[in-house]
Amino acid sequence: MIGNKGIGKIPYGGDWNPEQWEESEWMKDLELLPKAGIDILTVNVFGWAGLQRDDDLWDFSKLDRVMEAATAKGYRICLATGTAAHPAWMARKHPDILRVDIDGRKRKFGARHNSCPSSPTYRAYSVRLAAKLAERYGHRENLVAWHVSNEYYEACWCDACEAGFRRWLERKYGAIENVNRAWNAAFWGHTFYSFEDVVLPSHLSEEWGANRTIFQGMSLDWRRYNSDNILETFKAERDALKAVTPDVPVTTNLMGLYPWLDYRAWAREMDFISWDNYPSPDDPWTVTALRHAAMRGLKDGMPFALMEQTPSVTNWQPYNALKRPGVMRLLSYQAVANGSDTVMFFQMRRSRGACEKFHGAVIDHCGHGDTRVFREVAELGKELRALGAKTLGTRTKARCAVMFDWDTWWALMLTAGPTVDLDYPAEIHRYWAAFARANVACDVVFADSNLDGYEIVAAPCAYLMKPGMAERFEAFTRRGGAFLTTVLSGLADESDLVTDTGYPGPLRTLLGVWVEETDALPLSRSNGIAVESGALAGTWETKTLFDVIHLEGAEAIGRWTAEFYAGTPALTRNRFGAGEAWYVGGVVEQALADRLVSELAAARGIAPPIEPVEGVEVTERAGDGRAYLFALNHGSQPAELTLRFPAVSLLDGASYDASPDSPAALRLAPHDVAILERRGP
Ligand code: GLA
Ligand code: ZN
């Protein structure tokens, strides 16, 4: 992992793009940045054009000087392979490298993420570049990680990708009859006679109009293939790097919950996860925290790297608000609190031209460090130095988990009906945030994750059932777990063929319900779920989808208040083995998710380390006998937390002599952070 190469502290730095300046300027940056505590630079992210001028014309002299200068100043280097944007000459000479878009238009040279993943030119040339970089710079002591390409993106619809799709299908299905069956191709007379009949789903074929796609099975397979195909380009570069530097960890920077690539599959090929965090100023803190948790979950809890965040402002949102004083620090610690072992920025110095000229950087256009942003970066730099290696390598210990699955996301995104308003990540967020808001640690797990260590697992909208999945949920519940799922779950198999045994298909026994019909209404309309007594008592607003449920062993906890199905079950619980399985038959208001999750946790004795206070995030990382509690005030008001254990505050040295019987108050100013080292139980 990036933090382990003798830095002895959280690596602090980020992208530096000196190729955009005269060399005479470089030293100014390299001398100024250490004043902000910067100790790691990511270089060569868009360096290809400068390194290779023609098929066999290489020039590493400039990058040599960048590396020399940065090394002489003591920086650690995260070295990018630079293959996220191909050189102009390559596009001119080898047009196969250019992508085709979803409308079938051949792209010209331009922008980035513009290379076709199937292009023989791209494959051969990117691997050659990676190999050359490894040979030239791989021996350097200060090389801490390889950064392959940059934010792999979207897809290509060219003939080569189409041919690759056919070969991928052939490997997966063997015979074309199996494809016809999986996609229900008899619909609209689509029977395929050979693999050659298959074309990519695009605006020219199946993916257009109100149905989103005519064939969900095909569109799903296309996304799987595309993710695999682009992953092959990563693996090819990685293997070239590994052949020379087997011990230097390899990563690529992910983008959180990004729709085009199945990051869980990618994670298996990466040495460590790194990702770029660009929340919108209006995102609640739980949205960002969920993304961190998902990135942590990709490698089953292994600490990840925050590869990029802006120190102040982005350029690409409709309104690019400045991060208010303290917010950069707060969001940096939020990453660490949720599992990051680095704090890194895009970028060190602002571009003068092109679309990122107004994107924030550690060094602004004024060129000196006497700015608010630089000072804040420097303050944090000091703190991180003082923090040293303490948090590095520690992990979140969660007894609760929420399941996220890229196939399910794709299937729900591609589905025609029952509603256009269901937002899968928003449903994941609803339940994950419920745990987070209760200060209960919650992992993000995936369809193939081991559930053994968990006591509560929520799999909202688990629409797409993979082989063995229902059995695993059953085994989890049977041995005492609390399982929770929601509307549309269990409906389809891996190819999006809908169950013919009644909804929710293979989950019917576990949940003890039969869903006969699902109503869908516009967001302007709602129904209520009435719970008569107990901890969930009340009437809870529900929107978007409404299941008509028959009990088959489950008990009705809540019932619909309106429509022709008023009085029928809407929220159910089924005792199953030693555990219980909950079903929520609609898209419920956050308050019900919050209440439900808190009750499930309380019933299992899962207590928060600190009682929740609105707007304050609390997480814990532990390992090797150390335990650190993070408290982050995302609100604009001072907050007061109650400590019931003895602790020392690492950032200000305050010590709290607290116990369950004599609690202490921890005060946090708006946007302030505390890291508490536990000194006892
Ligand atoms: C991404 C990219 C960077 C830069 C930033 C700007 O994360 O990786 O190269 O474009 O966005 O926000
Ligand atoms: Zn292509």
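Conventions adopted
Counting restarts for each chain: residues are numbered from 1 in the order of the written sequence. Whichever chain is written first becomes A and whichever ligand is written first becomes 1, with later ones labelled in order. With the structure being a predicted model, the display of local features is reserved for residues of pLDDT at least 70 and the display and counting of side-chain atom pairs for 80 or more, all residues being used for whole-chain, interface and lining totals. Side-chain figures throughout are based on the complete set of non-hydrogen atoms in the structure, without hydrogens or water. For the purposes of this description, domain bounds are those given by an automatic or database domain assignment. In this analysis, two residues are considered to be in contact whenever any of their non-hydrogen atoms come within 4.5 Å of each other. Buried area is understood as the total, over both parts, of accessible area removed when two parts are fitted together, assessed with a 1.4 Å probe. Salt bridges are identified by distance alone: a Lys or Arg side-chain nitrogen within 4 Å of an Asp or Glu carboxyl oxygen. In protein, a polar contact means a hydrogen-donor-capable atom and an acceptor-capable atom, both N or O and within 3.5 Å, with residues adjacent in sequence counting only if both atoms are side-chain atoms; elsewhere, any N or O pair within 3.5 Å suffices. For this analysis, a nonpolar core means a set of buried residues of the types Ala, Val, Leu, Ile, Met, Phe, Trp, Tyr and Cys, connected via side-chain atoms within 4.5 Å. The cut-offs for exposure are 20% and 50% of the maximum accessible area for each residue type, with area from a 1.4 Å probe on protein chains only; residues under the lower value are buried, those over the upper are exposed, and the others partly exposed. By convention in these notes, a residue is near a molecule or strand provided one of its non-hydrogen atoms lies within 4 Å of it. The protein chains shown are the only cover counted for residues, whose accessible areas, like all others here, come from Shrake-Rupley with a 1.4 Å probe. Note on method: axes are straight lines fitted to C-alpha atoms, helices fitted across the in-contact stretch only, with angles between N-to-C directions ranging 0 to 180 degrees. Strands here are runs of E lasting at least two residues and helices are runs of H or I lasting at least four, both read from the DSSP assignment and numbered beginning at the N terminus. Working rule for angles: under 35 degrees goes down as roughly parallel, over 145 as roughly antiparallel, 65 to 115 as roughly perpendicular, anything else as oblique. Handedness of a crossing follows from how the near helix is turned relative to the far one, being left-handed for an anticlockwise turn of less than a right angle and right-handed for a clockwise one. Polar here means any residue other than Ala, Val, Leu, Ile, Met, Phe, Trp, Tyr, Cys and Pro, which are nonpolar, and Asp, Glu, Lys and Arg, which are charged; Gly is therefore polar. In this description, strands pair whenever DSSP reports at least two bridges between them.

Enquirer: Would you mind going over the domain arrangement of the protein with me for this structure?
Expert: When the parts of a complex come together, some accessible area is lost, and that lost area is often taken as the interface size. According to the domain assignment, the protein consists of domain 1 (2–156 + 223–387), domain 2 (159–220), domain 3 (400–603) and domain 4 (616–678). When each unit is reduced to the centre of its C-alpha atoms, the spacing between domain 2 and domain 3 is 31 Å. At the interface, 12 residues of domain 2 touch 15 residues of domain 3. For the pairing of domain 2 and domain 3, the buried interface totals around 970 Å² over both sides, and the portion due to carbon and sulfur atoms is 57%. On the domain 2 side of the contact with domain 3, Arg212, Gln216 and Leu220 bury the most area, a combined 65% of that side's loss. Linking domain 2 with domain 3 are zero salt bridges. Linking domain 2 with domain 3 are three residue pairs in polar contact (both at pLDDT 80 or more), by the criterion used here.

Enquirer: Which parts of the structure should I look at to understand the nonpolar core?
Expert: Soluble, globular proteins show a tendency: their nonpolar side chains are buried together. Ranked by internal contacts, the top residues of the largest apolar core, which has 198 residues, are Leu41, Trp183, Tyr263 and Phe473. Residues contacting Leu41, with those up to four places away along its chain left out, are Gly14, Trp16, Leu30, Leu33, Ala70, Tyr75, Arg76, Ile77, Cys78 and Met348. Listed in part, the 17 residues of the second largest apolar core include Ile610, Ala664, Leu666 and Ala674.

Enquirer: Which parts of the structure should I look at to understand the site of ligand 1?
Expert: Taken together, Phe46, Arg112, Asn150, Glu151, Asn253, Asp276, Tyr278, Glu308, Trp316, Phe346, Glu356 and His359 form the complete shell of residues around ligand 1. A distance of 2.3 Å separates an oxygen atom of ligand 1 from a polar side-chain atom of Glu356. Within the contact set of ligand 1, an oxygen atom lies 2.7 Å away from a side-chain nitrogen or oxygen of His359. For ligand 1, whose accessible area on its own is 310 Å², the fraction buried by protein is 97%.

Enquirer: Please explain the packing of helix H1 (residues 23–32) against helix H3 (residues 61–72) as it appears in this structure.
Expert: Working note: a packed helix pair is described by the angle between its axes plus the distance between those axes. For the pair H1 and H3, interaxial distance at closest approach is 11 Å and the crossing angle is 25°. Taken together, H1 and H3 sit at an angle that is classed as roughly parallel. The way H1 lies across H3 gives a crossing that is right-handed. Side by side, H1 and H3 meet where Glu23, Trp26, Met27 and Leu30 of the first sit next to Lys62, Arg65, Val66, Ala69 and Ala70 of the second. Residue classes in the contact of H1 with H3 are distributed as six nonpolar, no polar and three charged.

Enquirer: Honestly, the sheet that holds strand S23 (residues 616–623) in this entry has me stumped. Any pointers?
Expert: Strand pairing in a sheet relies on backbone hydrogen bonds. The paired strands run either parallel or antiparallel. Spatial ordering of the open sheet is given by S23-S24-S29-S26-S27, a layout of five strands whose pairing is antiparallel. The open sheet has two edge strands with one neighbour each: S23 and strand S27 (655–656). Set on the sheet, helix H11 (residues 327–337) makes contact with S23, strand S24 (626–633) and strand S29 (673–678); between it and S24 the angle comes to about 145°.

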